Amino acid sequence: MAGDSGRFGVDVDRRVTAGPGVVVLTLTGELDHDTADPLRTALDEQIEAGAARIVVDCAALTFCDSTGLNALLRARLQAQEAGGRVELADLRPPVNRMFEITGARTVFTVHDDLRAALAAADRRPEQR
């Protein structure tokens, strides 16, 4: 798994079957100050490569602190500026709570799971 620090990992999967320009980043473990660099790098690389849609699969993400949240928010803005988008899938209760408390959940398109996110590939989220 790319970027695996033992506590956190990021796996990049270009889902050709979900449409051109769709990239899935699967996060595992604990995303915090000490582990956020692989996520930042993966997001930056995909945005620079012109990904139209980055789906961040959080099914195996067990923890996210403000550093991880900020990395995702920054990437969301960068993707928007480049004409793309960052979406989240399968927020587990502890991670979902962080997004709800901070209000960040309202600025992302959040899908129930990865399958729902990929099925929504052709739908455009409302402009925020």
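Nothing here was measured: the structure is a model prediction, and the numbers come from that model.

J.: Give a description of helix α2 (residues 66–81) that names residues and reports values.
T.: When the terminal C-alpha atoms of α2 are compared, their 22 Å separation across 16 residues agrees well with the 22 Å that a helix rising 1.5 Å per residue should span. Within α2 the residues assigned to the buried category are T67, G68, L69, A71, L72, A75, R76 and A79. Looking at the buried residues of α2, the elements they touch are β2 (22–31), α1 (37–48), β3 (53–64), β4 (85–89) and α3 (93–102). In the segment just after α2, G83 is the residue with positive phi, at about 90 degrees.

J.: Outline the pattern of salt bridges, supporting the account with residue identities and numerical values.
T.: Applying the stated criterion to the full structure yields seven salt bridges. For the salt bridge of D37 with R40, the shortest nitrogen-to-oxygen distance reads 2.4 Å. A residue pair is termed a helical-turn pair when its members lie 3 or 4 positions apart in one helix, as D37 and R40 do in helix α1 at three residues. R74 serves as the salt-bridge partner of D44, at 3.2 Å between the closest nitrogen and oxygen.

J.: Please set out the sheet that holds strand β1 (residues 8–14) residue by residue, giving values where relevant.
T.: With respect to topology, five strands assemble into an open sheet ordered β1-β2-β3-β4-β5, the strand pairing being mixed. Looking at strand neighbours, the two that pair on one side only are β1 and β5 (109–111), the edges of this open sheet. The average undirected angle you get between the axes of adjacent strands in this sheet is 25 degrees. Here β3 pairs with β4 via five bridges, running parallel. Each residue of the ladder has a partner; that of I54, found in β4, is V86. Where α2 meets the sheet, its contacts fall on β2, β3 and β4, and the angle it forms with β4 comes to roughly 140 degrees. Along the sheet, α3 makes contact with β3 and β4, crossing β3 at roughly 110 degrees.

J.: Which residues make up the confidence of the model for the protein, and what values go with them?
T.: Per-residue confidence for the protein gives a mean pLDDT of 88; residues scoring 70 or more make up 84%. Contacts of residues 1–5 to residues separated by more than four positions or lying in other chains number 12 contacts, the stretch itself having pLDDT below 50. Between residues 124–128, whose pLDDT stays under 50, and residues either more than four places distant or in other chains, the model counts eight contacts.

J.: Tell me about the environment of G50, residues and numbers included.
T.: Among the secondary structure elements, G50 is positioned in the loop between α1 and β3. Along the backbone, G50 and V22 are 28 residues apart, and their C-alpha atoms lie at a distance of 9.7 Å.

The rules behind each value
Residues numbered from 1 in each chain as written. Predicted model: local features only at pLDDT ≥ 70, side-chain atom pairs only at ≥ 80, totals over all residues. Heavy atoms only, no water. Helix = DSSP H or I, 4+ residues; strand = E, 2+ residues; numbered from the N terminus. Expected span 1.5 Å × (residues − 1). Buried < 20%, exposed > 50% of the residue type's maximum accessible area, 1.4 Å probe, protein only. Contact = heavy atoms within 4.5 Å. Salt bridge = Lys/Arg side-chain N within 4 Å of Asp/Glu carboxyl O. Pairing = 2+ DSSP bridges. Axes fitted to C-alpha atoms, helices over the stretch in contact; angles between N-to-C directions. pLDDT = per-residue confidence, 0-100.

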